[in-house]
Amino acid sequence: MQLDTPDLLAALATCVGARHVLHSLEDTQPYNEDWRRKYRGRAAAVVSPASTAEVAAVLQLASAHRIPVVTQGGNTGMSGGATPDGSGAQIVLSTRRMNRIRHVDPFNDTVEVEAGAVLEAVQLAAGEAGRLFPLALAAQGSCTIGGNLATNAGGTAVLRYGNARDLTLGLEVVTPDGRIWNGLRGLRKDNTGYDLKQLYIGSEGTLGVITAAVLKLFPTPVARRTAMIALPSLEQAVQLLCRVRSELGPALTAFEVMSAACAPLLQRHFPAMRWPFDSRTPVVALIETSDHESEAHARDVLESVLARALDAGIATDGVIGESVAQSRALWALREHLSEAQGLEGPHIKHDISLSTSRVAAFVDVAVRRLEAEFPGARMAWFGHLGDGNLHFNVLAPIGTDPAAFCARQEDVNRLVHDLVHAHGGSISAEHGLGQLRRDENARYKDAVELALMHSVKQALDPLGLMNPDKVLTATKRY
Ligand code: FAD
Ligand code: 2HG
Ligand code: ZN
């Protein structure tokens, strides 16, 4: 039976308390819009449970009355996955109040946290216990563990520690009908049937609500060093990656790249930041090493890596952060790129991955074709070259209307994604499909794989109430 608005609000209030149910347009506005301001909807209500039991109560209510639920963590997602539609029928379930770090276990090298815990708070809790939680991304001050797991977030340390999936040992999930699955096992070996947690990780809120997780911890390095290196081409950047990967082994913890179109954006929107090279440098790499010996050892290792790259003619210039502050300043350049691109105006994002052996060939042909078809368009790509993951973002030509350029998004996507597909890559590396890439994914995905995905959705969310029309086109209407 459908509920009218006053009854819905009253029923939700019995689950979480009236103070934690928002309804007015003003109160719900921040939850109705995504970080990029690309998507805007209208939630019937925003409900904020404080515990797993309260999430279960909300989902029991939603399932009894056929109310669709959009789970939202930090709302920093890049694919519109956490934004309700405009029907006014969906509720947003915010995990913000479920933010406890339940238990750090240094003997097992694990931490158990609630889904609404902010990533940075988890990193700090691990640090206080003398351990490292290595997931790292520019949104870490706002994004939540639940969102990280639901999108299988990547970030800057994947080449050393893996993505969110690789860092997860156990999950607690509330199913769409309000049952609680406690899979909070901190085991590194557990072959007792289907590995259900892997279905929920990366499912973007379409199968259930992740309420807690057991995550892996690692030894904290004694020293970290950052270098920024100027390179004549992406091909040279890949060569450098291969060299440092074999020279440094596990000491290499990040290998990021930025294209020439990125520097002017930072200079325009963050003029106080200092770009250390000529702003026309074709490619700049940002490398981070972690050392378990000493500061001096870390410095020597990175200095010799840079010297050898310069001697071999792979790199043309380089700087090493001589202090924590200098390293932070180098990282800040990389971390402000999303914001700088957003300040430049709406643009067309691609979150692609390719094998590192094919990434340079892809970029070469993609740039040539885009330049031919969209003269003046700026290919402001950057990203995690260590994982073959580029944010191949395309910006409007200088002086033109960015919104008019974005109207051609489908044509740009077709060109870029067809090429990614032809190069054996993926059109969605770390941001999730959400609503932004749902249809693109259906276009390229193997038909059998897509059918199996629909079967999983049908099995775990038979009423189709969990984040409808995200990841997959809904086959049911509530
Ligand atoms: P939200 O945006 O709230 O939600 C994202 C998706 O997860 C939605 O589909 C939502 O329904 C679902 N969801 C959220 N919580 C739960 C839950 N508890 N249970 C079930 N489903 C849930 N991403 C990267 O991977 N790597 C990066 O380097 C990176 N850098 C970024 C930099 C900036 C400046 C910004 C703004 C974003 C960046 N992102 C990056 C994207 C984003 O931060 C990640 O996708 C992050 O994991 C989302 O977390 P969130 O809590 O904000 O999730
Ligand atoms: C990053 O790596 C994020 O900084 C955001 O994944 C990418 O803004 C983007 O396109
Ligand atoms: Zn990224």
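Model, not experiment: these values are computed from the prediction. (Residues numbered from 1 in each chain as written. Chains lettered and ligands numbered in written order. Predicted model: local features only at pLDDT ≥ 70, side-chain atom pairs only at ≥ 80, totals over all residues. Heavy atoms only, no water.)

Peer 1: Could you give an account of the nonpolar core, naming the residues involved and the relevant values?
Peer 2: Counting residues in each nonpolar core, the largest one holds 52 residues, and the members touching the most others are Phe 362, Trp 381 and Phe 392. Of all the secondary-structure elements, those providing two or more residues to this core are β12 (223–231), α8 (234–248), β13 (252–259), β14 (283–291), α10 (295–311), α13 (359–373), α14 (402–406) and α15 (409–422). A per-element tally of this core places α13 first, with eight residues. The residues touching Phe 362, leaving out its near neighbours within four places in the chain, are Ile 352, Leu 354, Phe 392, Val 416, Leu 419, Val 420 and His 423. Phe 133, Leu 137, Leu 149 and Ile 201 belong to the second largest nonpolar core, which has 28 residues in total. (Core = buried A, V, L, I, M, F, W, Y, C linked by side-chain atoms within 4.5 Å. Buried < 20%, exposed > 50% of the residue type's maximum accessible area, 1.4 Å probe, protein only. Helix = DSSP H or I, 4+ residues; strand = E, 2+ residues; numbered from the N terminus. Contact = heavy atoms within 4.5 Å.)

Peer 1: Lay out the site of ligand 1 in plain terms, naming residues and giving numbers.
Peer 2: Around ligand 1, a shell composed of 35 residues is seen, among which Thr 71, Gly 73, Thr 76, Gly 77 and Thr 144 lie nearest. The contact in question runs from an oxygen atom of ligand 1 to an N or O atom on the side chain of Thr 151, over 3.2 Å. With respect to ligand 1, the side chain of Glu 430 contributes an N or O atom lying 3.0 Å from a nitrogen atom. Looking at the shell around ligand 1, the elements with two or more residues in it are β3 (69–72), α5 (145–150) and β10 (209–216). With four residues, the single largest contributor to the shell around ligand 1 is α5. (Near = heavy atom within 4 Å. Polar contact = N/O pair within 3.5 Å; in protein donor to acceptor, adjacent residues only side chain to side chain.)

Peer 1: Can you break down the coordination of the zinc ion (ligand 3) residue by residue, with the values?
Peer 2: The protein atoms that coordinate the zinc ion (ligand 3) are His 384 (NE2), His 391 (NE2) and Glu 430 (OE), at distances of 1.9 to 2.1 Å. One chain supplies every donor for the zinc ion (ligand 3), spaced along it as H-x6-H-x38-E. What makes His 384 buried here is its relative accessible area of 3%. (Donors = N, O, S within 2.8 Å, 3.2 Å for Na, K, Ca; no water.)

Peer 1: Which residues make up the pairing of β14, and what are the values?
Peer 2: Among the nine residues that make up β14, nine are buried, leaving the element largely enclosed by the rest of the structure. When β12 meets β14, the two strands line up antiparallel, connected through nine bridges. Looking at β14, one finds that Ala 230 is bridged to Val 284. Pairing of β13 with β14 involves seven bridges; the strand directions are antiparallel. Of the residues in β14, the one forming a bridge with Val 257 is Ala 285. (Pairing = 2+ DSSP bridges.)

Peer 1: Any chance you could break down the pattern of salt bridges for me, citing the residues and the numbers?
Peer 2: Applying the stated rule across the entire model yields 24 salt bridges. Between Arg 268 and Glu 344 there is a salt bridge, with the nearest N and O atoms lying 2.9 Å from each other. In this pair, Arg 268 sits in helix α9 (residues 262–269) while Glu 344 sits in helix α12 (residues 337–344), placing the two residues 76 residues apart along the sequence. One salt bridge connects Arg 280 with Asp 278, and the closest N-O pair in it is separated by 2.7 Å. (Salt bridge = Lys/Arg side-chain N within 4 Å of Asp/Glu carboxyl O.)

Peer 1: Kindly report on the packing of aromatic side chains, identifying the contributing residues and their values.
Peer 2: Using the criterion set out here, one finds four aromatic pairs in the structure. An angle of 85° between the planes, with centres 6.4 Å apart, marks the rings of Phe 374 and Phe 405 as edge-to-face. Within this pair, whereas Phe 374 is found in the loop between α13 and β17 (378–379), its partner Phe 405 is found in helix α14, the two being separated by 31 residues in sequence. Phe 405 gets classed as buried once you look at its relative accessible area, which sits at 7%. When the ring centre of Tyr 161 is taken as origin, the NZ or CZ atom of Arg 160, which lies over that ring, is 4.5 Å away. (Phe/Tyr/Trp six-rings, centres within 6.5 Å; stacked < 30°, edge-to-face > 60°. Lys NZ or Arg CZ within 6 Å of the ring centre and 35° of its normal.)

Peer 1: Describe in detail the site of ligand 2, supporting the description with residues and values.
Peer 2: Taken together, Met 78, Arg 334, Ser 338, Lys 349, Phe 382, His 384, His 391, Asn 393, Glu 430 and His 431 make up the full set of residues adjacent to ligand 2. At 3.0 Å from an oxygen atom of ligand 2 is found a side-chain nitrogen or oxygen belonging to His 384. Measuring from an oxygen atom of ligand 2, one finds a side-chain N or O atom of His 391 at 3.0 Å. For ligand 2, whose unbound accessible area comes to 300 Å², protein coverage reaches 88%. Here the shell around ligand 2 is composed, by residue class, of two nonpolar, five polar and three charged. (Areas by Shrake-Rupley, 256 points an atom, 1.4 Å probe, with all protein chains shown as cover. Nonpolar A, V, L, I, M, F, W, Y, C, P; charged D, E, K, R; others polar.)

Peer 1: Tell me about the pairing of strand β6 (residues 110–114), and name the residues and values.
Peer 2: In terms of burial, β6 is largely enclosed, as four of its five residues are buried. Here four bridges tie strand β5 (residues 101–105) to β6, and the two strands are oriented antiparallel to one another. The residue bridging Val 104 from the neighbouring strand is Val 111, located in β6. Counted along the chain from β5 to the antiparallel partner β6, the turn is four residues long, and its residue Asp 109 has a positive phi close to 55°. Taken together, the five bridges between β6 and β10 define a ladder with antiparallel strand orientation. Across the sheet, residue Val 111 finds its bridge partner in β10, namely Leu 215.

Peer 1: Could you give an account of α15, with specific residues and numbers?
Peer 2: For α15, which comprises 14 residues, the first-to-last C-alpha distance of 19 Å matches the rise-based estimate of 20 Å (1.5 Å per residue) to within 8%. Taken together, the buried positions of α15 are occupied by Gln 409, Val 412, Asn 413, Arg 414, Leu 415, Val 416, His 417, Leu 419 and Val 420. Next to the buried residues of α15 lie β16 (351–353), α13, β20 (394–395), α14 and α16 (438–444). In the segment just after α15, Gly 424 is the residue with positive phi, at about 75°. (Expected span 1.5 Å × (residues − 1).)

Peer 1: Mind laying out the environment of Gln 198, listing which residues take part and the relevant values?
Peer 2: By the secondary structure assignment, Gln 198 is in helix α7 (residues 196–200). Once the C-alpha coordinates of Gln 198 and Gln 236 are considered, the two residues, 38 residues apart in sequence, prove to be 36 Å apart. Separated by 2.9 Å, the side chains of Gln 198 and Arg 165 make a polar contact.

Remember that the coordinates give geometry; whether it matters functionally is a separate question.
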